[in-house]
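Below are the chains, spelled out letter by letter.
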Amino acid sequence: MTDVAPPHAAPRHVYLVDGSGFIFRAYHALPPLTRSDGTPTSAVLGFSNMLAKLLDETDADHIAVIFDHSGRSFRNTIYDQYKAHRPDPPDDLKPQFALVRAATDAFSVCRIELEDYDADDLIATYAREAANEGAVVTIVSSDKDLMQLVGGRITMYDPMKNRQIGDAEVRERFGVAPDKVIEVQALCGDSVDNVPGVPGIGVKTAAELINTYGDLETLLDHAGEIKQPKRRESLIEHADKARLSKVLVTLDTKAPMPCPLADLRVKPMDPEKLLPWLRQMEFRTLATRMTQRLSGAIAVAEAAATGPAEAIMPEAMPFSAPHDYALVDTLEGLDNWIAAAAAIGSIAIWPAASAMAGSRPALAGISLAVAPGKAAYVPLAHRSPGSQPSLDLDAPPRSNALSLDDALARLKPLFEDRSVLKVVPDAKAAAHMLMRHGIALGPYDCTMLMSYVLDGGQVEHAIEPLIQRTFEHSLSTTKDVLGTGKSQVAFAEIAPEAALNHAAERADAALRVHGVLKARLVREKMTAFYETIERPLVPAVAEMENNGIRLDSEALGDMSRDFAQRITELEAAIYQDVGHEFNIGSTKQLGDVLFEKLGMPGGRKGKTGAYGTDASILETLVPLHPVPGRVLEWRQLTKLKSTYADALGEQIDRETGRVHTTYALAATSTGRLSSNDPNLQNIPIRTEEGRKIRAAFVAAPGHVLLSADYSQIELRLAAHVADIPALREAFLAGHDIHAATASEVFGVPLETMDRETRRRAKAINFGILYGISAFGLGNQIGVTQAEAREYIAKYFERFPGIRAYMEKTKAECRTQGYVETIFGRKCYIPGIRDTNPMRRAGAERQAINAPLQGSAADIIKRAMGRLPAALAKAGLTARPLLQVHDELLFEVPEAEIDKTAALAKDVMEGACAPHCEISVPLVVETGSGRSWDTAH
């Protein structure tokens, strides 16, 4: 169940339950049931069960059940035959209407109804109000009349079929987008509600007409032009009925609100109100379940001596306060902790990793925490002292330890229970270890990601520094319990008693800091961002890391030998040009050769007394002498050889035969993922050598690699964020953006555009976003600094909005210390107020680009979070392998490539909806092949 919302918190997720629809569905779902006094109760029991399940499973912080007040509304005044043919409710259902309303009150859920208005009008009004306040709205109903509300922040959910109803489902039902549903309903009418419509026109025909003419009035204005005689005559003859029908089916989104939206906030269930009512209704099974849930929470809270407020606000208890940590090594003891977690509805867990099986950590044990200071450690695979230090999943545990299989069989239902929130310090690490045992963790909150959303790249977000910052408390370190150097042992090789405090303390820490972070997310209005972008990403990235990617080891070996030969040849050429051998990799020796022996201009010594020789300096010297160019090539080849051609083969996992990169989810200031061990994001893609490296990444037999890459996403975002009409229109028209820019800046007609002019415009387009200087642009496109400065001036003259955006962004960043993406991520820029002009200028360039790069990162994260479910729904078996900047790479069965490419493109291009719309289209380009190089 969702946490209780603070009294004055703005709504984040609003659930509007169609109570009238629930009653009838519950009535027809169960056989006739009666209370001992003869009162019919089947609809009440079905309704109560559905409401209890919703409250268990939803994350909504505001919720209401909305009922029809009577069988009449203002529509009966407009048309006295409205709903005139509806049969009376069954006799055994009538007495249950009042009891269903009593059930809503017993569960402490807001109940809404209003005379002269249908429930649908109230749902429409509250939905629009909540959406206008920035909340996500879920209408719990399958009623077709409510589908006109779908769109933007509003979706529907059919609990009987466990089915979300969004834009696609509405189109499937009506053949038109949600905003055209009332036009279709006006034409086809509704026999149940006695809405007349136009005789002879059904949903399919109505959709065809509305898709052709756009709306009802335009259709009726052109009715005489319709070729089919019967259809034409019917539309002309019954035009007034169609107009009346449109009025009847249009929901009133401005109905009076019987109570303010704030009154819908979720309240805790009151045992003294709910349990007696359930017993009075003789709902024994439901009463037992709710008793266990509510009384269990109270019992555990009392045992922990903290009370409910402590669980919500753990900052009230200092970390140094006494704690109660238990070692659980029996099934009976474990069952008690599982029952406590189920009763409370939440638990913090910390899976303890130990020695390696292959190259992935194995599970040594799991710590659990149910209240601040009340935690346990469950040893699962601790070995006897003195055994060998390696640990495999199949290694035998200590004879007195709890069986790993038995314990995980008990824990699996808890860890997968949708009604119990799992709090973890690092959800991805936990997902990996549990995944190996067939456990899919969920739902969960990750303290690392919550902290990252709040504080970005400013600080570290692992549990140790997080607790230090929050509570000024130092957790025990791995060195404290495992030792160091040659004496260091694996976690599973220490006695469970020695592991207890270290492990239990981490689950306890996660539980305590979770409340602090959750309160901050609400206070800083970042909850929706965390829940829609960062949290859903965890299983997708964990799966990607787990999948890994195949390598052609033979090709890598050939490449390494080729690079070695070319490096030797380059060294010989450099030595010949210089006249003697020296250490090319030494900055000092290279600087002395270039600026003293060869006398090249521009040499500047740093604090160490050595000349600067970074790539930007060497590039300026390339036209003057062969050595700088050869050194640049030598550096590239030596890096490619050592980092990729040689190292990748050594990083193939012996268990899977694949390379598994690790993505850091909370490392960068812009939100981008960071690839490590090995880093697969820095392989150069514009050089022949870099493409050779990518060619060694290959698909499994019978499969191909699919690349899906956002095209020019940062330029598109710049056109939107900086509001540049010319760029926006070029993207909307599908023009070559670099040619369009060249045409605008240099005044060259598109039809006579030459490649060189387009290349210069491309360099400006991308360079401007990174704050390129006239010097840098001149070097890049081979013109003088004066010419480059003139090009930049022309660009700003033609697109003044870009300069305005840049200046506005720098000013805002100086004031607040951060910039924001279009979704609200805060990208902190620490050097923006630096007194050093060079460092400050670098920070300003970062501030200009961060909102664009960060927004691009948010968009691809949203796509990654949605793709697994979309693939599963489509019955496709593609496996995501890599995420590299704006590109996703999949391994796809050959027979599924076309469908997978189309689906990936559709999901990625629609990643902004429904919470953010941009004024230019996102475009995803796809390609496939046996290797990453041929796919890209």
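Fair warning: this is a prediction, and the values are worked out from it, not measured in the lab. (Residues numbered from 1 in each chain as written. Predicted model: local features only at pLDDT ≥ 70, side-chain atom pairs only at ≥ 80, totals over all residues. Heavy atoms only, no water.)

Re the overall build of the protein chain
Next up, step 1: A count of helices and strands for the protein chain gives 38 helices and 22 strands.
Next up, step 2: By the compact-globule yardstick of 30 Å for 936 residues, the protein chain fits well, its C-alpha radius of gyration being 33 Å.
Next up, step 3: Referenced to the eigenvectors of the C-alpha coordinate spread, the extents of the protein chain come out at roughly 105 × 85 × 55 Å.
Next up, step 4: Out of the 936 residues belonging to the protein chain, those deemed buried represent 52%.
Next up, step 5: In the protein chain, the 102 positive side-chain charges and the 122 negative ones have mean positions that sit 3 Å from each other. (Helix = DSSP H or I, 4+ residues; strand = E, 2+ residues; numbered from the N terminus. Rg over C-alpha atoms; globule rule 2.2 N^0.38 Å. Buried < 20%, exposed > 50% of the residue type's maximum accessible area, 1.4 Å probe, protein only. Lys, Arg positive; Asp, Glu negative; His and termini not counted. Charge placed at Lys NZ, Arg CZ, Asp CG, Glu CD.)

Topic: the sheet that holds strand E5 (residues 154-158)
Pairing between the strands of a sheet is mediated by backbone hydrogen bonds and can be parallel or antiparallel.
Next up, step 1: Read across the open sheet, the six strands follow the order E3-E2-E1-E4-E5-E6; overall the sheet is mixed. Each edge of the sheet is formed by a strand with only one pairing partner; in this case those strands are strand E3 (110-112) and strand E6 (163-165). Between one strand axis and the next, the sheet turns by 25° as a mean value, whatever way the strands run.
Next up, step 2: Looking at chain direction, strand E1 (residues 13-18) and strand E2 (residues 62-66) are connected through five bridges and run parallel. What sits directly across from valine 14, in E2, is histidine 62.
Next up, step 3: Packing of helix H2 (residues 42-57) onto the sheet brings it into contact with E1, E2, strand E4 (136-140) and E5, and relative to E2 it is tilted by some 165°. (Pairing = 2+ DSSP bridges. Axes fitted to C-alpha atoms, helices over the stretch in contact; angles between N-to-C directions. Contact = heavy atoms within 4.5 Å.)

A word on the nonpolar core
If you look at soluble globular proteins, the nonpolar side chains tend to sit buried side by side.
Next up, step 1: Grouped together as the largest cluster of nonpolar side chains are 193 residues, with contacts concentrated most on Ile366, Phe415, Phe491 and Tyr710.
Next up, step 2: Setting aside its immediate chain neighbours within four residues, tyrosine 710 contacts Ile859, Ile860, Ala863, Asp886, Met908, Glu909, Ala911, Leu922, Val923 and Val924.
Next up, step 3: Tyr117, Leu146, Leu219 and Leu264 belong to the second-largest nonpolar core, a separate cluster that totals 52 residues. (Core = buried A, V, L, I, M, F, W, Y, C linked by side-chain atoms within 4.5 Å.)

Considerations on the pairing of strand E21 (residues 887-893)
Next up, step 1: Most of E21 is tucked away, with seven of its seven residues classed as buried.
Next up, step 2: Inspection of the sheet shows strand E17 (residues 703-710) paired to E21 by seven bridges, in the antiparallel sense. Each residue of the ladder has a partner; that of valine 704, found in E21, is valine 892.
Next up, step 3: Where strand E20 (residues 879-884) and E21 come together, five bridges link them in antiparallel fashion. Bridge assignment links glutamine 883 to a residue of E21, and that residue is leucine 888.
Next up, step 4: Connecting the antiparallel pair E20 and E21 is a turn made up of two residues, with histidine 885 showing a positive phi of about 55°.

A look at the packing of aromatic side chains
Any two aromatic rings considered together are summarised by their centre-to-centre distance and by the angle between their planes.
Next up, step 1: In the structure shown here, the tally under the stated rule is 13 aromatic pairs.
Next up, step 2: Ring geometry for tyrosine 795 and phenylalanine 799: centres 5.0 Å apart, planes at 70°, overall edge-to-face. For the pair tyrosine 795 and phenylalanine 799, a shared accessibility class is recorded, and that class is buried.
Next up, step 3: Lying across the ring of tryptophan 350, arginine 506 places its NZ or CZ 5.8 Å from the centre. (Phe/Tyr/Trp six-rings, centres within 6.5 Å; stacked < 30°, edge-to-face > 60°. Lys NZ or Arg CZ within 6 Å of the ring centre and 35° of its normal.)

Things to note about unusual backbone geometry
Next up, step 1: For the bond running from glycine 442 to proline 443, omega is -15°, close enough to zero to count as cis.
Next up, step 2: Although it is not a glycine, serine 108 adopts a positive phi angle of roughly 60°.
Next up, step 3: Within the secondary structure, serine 108 is located in the loop between helix H4 (96-106) and E3.

What to know about the side chain of histidine 461
Next up, step 1: Topologically, histidine 461 is positioned in the loop between helix H18 (447-455) and helix H19 (463-471).
Next up, step 2: A distance of 2.5 Å separates a polar atom in the side chain of histidine 461 from the backbone oxygen of glycine 456.
Next up, step 3: Leave out the neighbours within four places in its chain, and histidine 461 touches Met448, Ser451, Tyr452, Asp455, Gly456, Leu466, Arg469 and Ala666. (Polar contact = N/O pair within 3.5 Å; in protein donor to acceptor, adjacent residues only side chain to side chain.)

Looking at the confidence of the model for the protein chain
Next up, step 1: Scored by pLDDT, the protein chain comes out at a mean of 86, with 93% of its residues at no less than 70.
Next up, step 2: Long-range and interchain partners of residues 296-317, a stretch whose pLDDT sits below 50, account for 31 contacts in this model, where long-range means more than four residues apart.
Next up, step 3: When the criterion is pLDDT under 50, residues 385-400 qualifies, and its contacts beyond four places in sequence or with other chains add up to 33 contacts. (pLDDT = per-residue confidence, 0-100.)

So, the side chain of histidine 473
Next up, step 1: Looking at the secondary structure, you find histidine 473 in the loop between H19 and helix H20 (478-482).
Next up, step 2: The buried category is assigned to histidine 473, whose relative accessible area is 18%.
Next up, step 3: In this structure the side chain of histidine 473 is engaged in a polar contact, spanning 3.1 Å, whose partner is the side chain of glutamate 505.

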